[in-house]
Amino acid sequence: MLLFEKRENVSTKLKVAIPLISVFLGLVAGGIAILFTRTNPLIVYKALVKGAFSSVYTFSETLVVAIPLILISTGLIVAFKMNFWNIGAYGQYIIGAIFGSFFALSMPATMPRPLLLTIMCLAGILGGALWGLIPAALKAFWEVNEVISTLLLNYIALYILKYLMYGPWRNPASHGFPLSKPFELNAQLPRLLVHTRVHLGLIFGIIAVIIVYILIKKTKFGYEIRVIGENKRAARYGGINITKNIFIAMAISGGLAGLAGLAQLSGVIHMLQIEINPGYGYTAIIVAWLASLNPIIAMFVAVIFGGLEAGGYQIQMAIRVPFGIVGTIESAVLFFLLGGEILKKYRIRLRRNTS
Amino acid sequence: MKHIRPLVVILLLIALVGVFAGCAPKETPEEKPEETLKVAFIYVGPKNDGGWSQAHDEGRLYLEQQLPYVETAYTENVPEGAPCEKVIRDYCNEGYKVIFTTSFGFMDPTLNVAEDYPDVVFEHCSGFKTSENMGNYFGRMYEPDYLAGLVAGMMTESNYIGFVAPFSIPEVVREIDAFTIGAKEVNPDVEVHVIWTNSWFDPVLEASAAETFLANGADIIASGVDSPAALQAAEKAGKYGVGYDMDMTSFAPAAVLTSRIWHWGLYYTQVAQEVHDGTWTAGEYWDGMEAGIVDLAPYGPMVPQEVQDYVENRKQMILNGDYDPFMGPIYDQSGTLRVKEGEEVSDGDKLGIQWFVDGVVGTIPEGGS
Amino acid sequence: MDEIIVKTKGITKYFPGVLANDHIDFELRMGEIHTLLGENGAGKSTLMNILDGIYHPDKGEIYIKGNKVHIQSPFDAMTNSIGMIHQHFMLVDTLTVLENVALGLKSQGFYIKKTEMAKQIKQISQKYHFNINPYSKIWQLSVGEQQRVEIIKTLFRGAEILILDEPTAVLTPQESNDLFKILKKLVKEGKSIIFISHKLDEVMEISDRITVLRKGKVVGTVNKNDVTKNHLAKMMVGREVLFSLERKPLKRKGKVLKVKELEAYNDKGVKALKKISFTVAAGEIFGIAGISGNGQKILSQVITGLRRATSGKVILNETDITNVSPKAITSSGVNYIPPDRLKVGLIPNLNTVENTILRSYDREPILKRNFIDYEKATGYTKSLITKFNIMVPKIDAPVKLLSGGNMQKLLLAREIAEKPKLLIAVHPTRGLDVGATEYIRKQLLKERDKGLAVLLISEDLDEILMLSDRIGVIYEGQIMEVINIEDAERNKIGLLMAGVDSVRN
């Protein structure tokens, strides 16, 4: 029979091996589901890989999805490190997009591009940060649980966006449809590669990863949030100002989510509308966790998730499998990854049952 | 760990072999007959949503049936926003020559891709932008809407009709207005109440909107959204409903009075034919019942003959071009005369309509500057 | 009495890098209290966790009532009549006693037969004088009462063999006495008990037989009546142990800490300190004796700035530090060994270096322009490890993997290295083995001799008497009396601790 035994510590080898095996088993389980649609799973996976990584163009589309995931998850890591459960990247993303759009829509088309883009990015960061500071303040002054406050603020953000789109920011030329005026060229983030949609946001993401990595590993702030995250009472005992750190961490976390929202508009969508894909705010939570809250790993996990999404559409196109299959594969992989976490905590041994 | 290691190695080996096998460039040479026209469809919902996307998918199947040289593909559940542009682009890269994008939110992405692929024909449904190689198409659904309004107006006993509506965009406002004009024509006391779900496809929300109406005394639920959930709620309450997109009788047989339906296949066949013949040009297609693109589905058994006769009479007038639901006099919600007797709302105004006619209970969120 | 109920043969258990149990032979007789004695890390808990099915031995056999068994899980242990009471209780705070007992009970269906169970719990409670109301919520109970709920749980599941893992580590002396009474009653009713401890006094008080473990091996099994405390200590540590420490004559200097009519409230809003006044001078250890919960914890929190004083003053070297931030108090020269090292003093999941710099990370030389110089920090940590003789196998491993004694040494080293003017030490040796306890106490005396003012708060009266120069006895938030060590008399202090005031003269 199988025995579960608690592990005291986890070796580095296991830390690497377990997620890899988990992903593999997830693909096997997803493959079984694919078999039910009378399709060869290998062909499906081939299409997935092809759709995500096979050419400059497909990889560029993978990166387009990865950009917001990188920015958001990197920010989330800062908050999660101090045990502040920011579920509100969704809303911070939207508010960042709105703040940035304000300048895109109100500044003259003659304004120099670098200037306008700088203003927009700062506004995006500011918007997300302010939205992130609300739950921080609620927590710091009234002990309001941040999971609930951040989650509810997501809905408020969405309704603010809807209000603007149905109201003051609706483009009169859009026949009443909820769209803003398109962004002029000077409000569009430059593309990094011609004929692709990969934009400057990728560079923002990489810079954010490096800064956050150094911030956590090397600075006083990083040390303090780690202490707070691991043991709040010890932090208080050590004289660490918890309130101040919550504010800083949420400003960073929200700011990066806001920048992600702005970058998505300015780099990809080029107008404000209701559907601006804030759901990345939730996906990024998973990315951050799978990366064990390490921003550098998170960057790669984000690319894999980007590939899963980008390649997922390819599956539908190449092979007539139902859309649900993509979701099934993703869920199966996730399921096994979470299962793998158990393996990290317990050692499993096989034993003949003699009793 | 000692027990696990061989297992790990084996698993990783299998994984690697799998990946390499997957990557191996063994393009099977599936040469198609030269004439094949590859046509792609992008849906916003699942293709079997029982409504909007399914109606388009039936159009796609109809097209495949009609023109043997056409090969079709589709992608379902594509979010509006960033991802759809990629999907459209992928089809272009795969050699598709005609691409139908079937949701309003796909408009600008379609336009973006159209710029980069001048050889591909793009057709966008329900929008207003066009270009050299991108046309748009829609149908005068307000005609069946008006007819359905007649049916509902005569069938209601509580004079309370609930309309489950997605977004407060002109397309939907127009539907509600036409429906209400019909209902009011035969029943001056009727009220058409509106709830916005702010989503094309959200069965749970649609059902709960319907239940709200029913709890407030509605005895007919009209749906303007993409799933049959609202009608199923009506059936459960023993009330009636008016379907949308396709004949929804099969989802709620006891409730459906009739449905306003799309026949996209006719248009799809027309476009494919034109592209094949080299006669296609980008245009703005907006035809009505006379072209067959929109229609009223067969009545349910509960609709009395005299009601059917009245409605059929009106339908014939519309088909003959003798009647238009948006003929004056039309009063708006505040009682102001908007369209004088003998006048008619122009196509341009119909396309951008942002006010409710008298008889509608509900508001349109404030218009933009 | 002589029937063997549990027997282990050659139990061996490896953990990565450690041989935790090395061919352990152990016998428990029916109806006896058998103590497993050993220092932290000697392998006591590992052995018991094997009996309880949490760990599985790499080698060796277990016999219950002569039958060979394989215990795969705590549930298996239960069916073999073994019940373990862990040091950290497995109770759900927000549920009632009854609901906690019902949890995981196999005979229970979907619904809990409340009245029936409540009756049974009351019966057990009466039989062994537990005095537990089945409908109390766990959080309302004292630690001692919670422990009794754990015992009820195991009895309810039909345990004949009870294993108690360091049960007194969390108890006050009074609660310990109550527990011992219960244990004796249980044995009288035919249960057999394995008692894990490293406190020699209580071992001598409660045990019938004692098995001593050292470094994973059995040193020997002895009858209580055949041994002395010193003998046991030697078996356990492997060398002679001192039960009294050498103290240099008192060289009291200026007053460092003055506490004047201090008042504060506890978490429940009850006044926990009532006009407390005392002083601590440089070069002396001022001990606060008292039973747990009489305001000691609140007092230490108020002085260190972790809790607000509602009136009164705390003065450090003529500077008023009342209600100043903890950080300011620390930087003005007050350091603090909190009562609970893993919950307050250390960050269990961070490594030794990160724990060591908790006091010094925000200033030169470790901090440079907002960046922490981890190389310097590591050097600093290593110097403390060497100086205080702390056993740290891997400096970058989580500090929770250190033994309790080494954790406490690290904590002490960190606080002393700050060169404070006043050191507040609360229960500095609670839960530590003999060797570590001795070490910590010696260090405190050494710092006193160097001129440090030490405020020692402890519930261990022996410790207070061994270390203090003056003793203040606290009862219900008041200092009953301050006694010089020369005049200190165990009995008198005990009475003061119980609130009896009229013993003067």
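This is a predicted model, so every value here is computed, not measured.

Residues Lys-232, Arg-233 and Arg-236 of chain A together with Lys-297 of chain C make up a contiguous surface patch of positive charge. Position of Arg-233 of chain A among the secondary structure elements: in helix H9 (residues 232-237). Taking the relative accessible area as the measure of exposure, Arg-233 of chain A reaches 41% and is therefore partly exposed.

Below, the discussion takes up the nonpolar core. With 280 residues, the main nonpolar core has Ile-99 and Trp-264 of chain B together with Phe-278, Leu-422 and Leu-455 of chain C as its most contacted residues. With 14 residues, the single largest contributor to this core is helix H3 (residues 56-81) of chain A. In this structure Phe-278 of chain C touches Leu-257, Lys-258, Val-259, Phe-286, Ile-288, Leu-299, Ile-303, Leu-455 and Ile-479 of chain C, once residues within four positions along its chain are discounted. Leu-98, Ala-102, Ile-121 and Phe-195 of chain C belong to the second-largest nonpolar core, a separate cluster that totals 35 residues.

On to the environment of Ala-332 of chain A. Residue and element names in this part refer to chain A. Assignment of secondary structure puts Ala-332 in helix H13 (residues 324-345). Ala-332 sits 301 residues away from Gly-31 along the chain, and the two C-alpha atoms are 9.5 Å apart. With near-sequence residues (within four places) excluded, Ala-332 lies in contact with Gly-26, Ala-29 and Gly-30.

Moving on to the interface of chain B and chain A. Facing 52 residues of chain B, the contacting portion of chain A comprises 41 residues. A combined buried area of about 4200 Å² lies between chain B and chain A, and 60% of that area is made up of carbon and sulfur atoms. Counting across the interface, chain B meets chain A through one salt bridge. Applying the counting rule to chain B against chain A returns five residue pairs in polar contact (both at pLDDT 80 or more). Elements represented by at least two residues in the side of chain B that touches chain A include exactly helix H1 (5-23), helix H2 (52-66), strand E2 (70-75), helix H3 (82-93) and helix H4 (107-116) of chain B. Counting residues per element, the side of chain B that touches chain A draws most heavily on H3 of chain B, at nine residues. Here the residues of the side of chain B that touches chain A sort into 24 nonpolar, 14 polar and 14 charged.

Averaged over all residues, the pLDDT of chain B is 87; the fraction at 70 or higher stands at 90%. Per-residue pLDDT stays below 50 along residues 1-33 of chain B; that stretch engages in 14 contacts with residues further than four places along the chain or on separate chains.

Conventions we followed
Residues numbered from 1 in each chain as written. Chains lettered and ligands numbered in written order. Predicted model: local features only at pLDDT ≥ 70, side-chain atom pairs only at ≥ 80, totals over all residues. Heavy atoms only, no water. Patch = residues over 30% accessible without salt bridge, like charges linked within 9 Å, V, L, I, M, F, W, Y side chains within 5 Å. Areas by Shrake-Rupley, 256 points an atom, 1.4 Å probe, with all protein chains shown as cover. Salt bridge = Lys/Arg side-chain N within 4 Å of Asp/Glu carboxyl O. Lys, Arg positive; Asp, Glu negative; His and termini not counted. Charge placed at Lys NZ, Arg CZ, Asp CG, Glu CD. Helix = DSSP H or I, 4+ residues; strand = E, 2+ residues; numbered from the N terminus. Buried < 20%, exposed > 50% of the residue type's maximum accessible area, 1.4 Å probe, protein only. Core = buried A, V, L, I, M, F, W, Y, C linked by side-chain atoms within 4.5 Å. Contact = heavy atoms within 4.5 Å. Buried area = accessible area lost by both parts, 1.4 Å probe. Polar contact = N/O pair within 3.5 Å; in protein donor to acceptor, adjacent residues only side chain to side chain. Nonpolar A, V, L, I, M, F, W, Y, C, P; charged D, E, K, R; others polar. pLDDT = per-residue confidence, 0-100.

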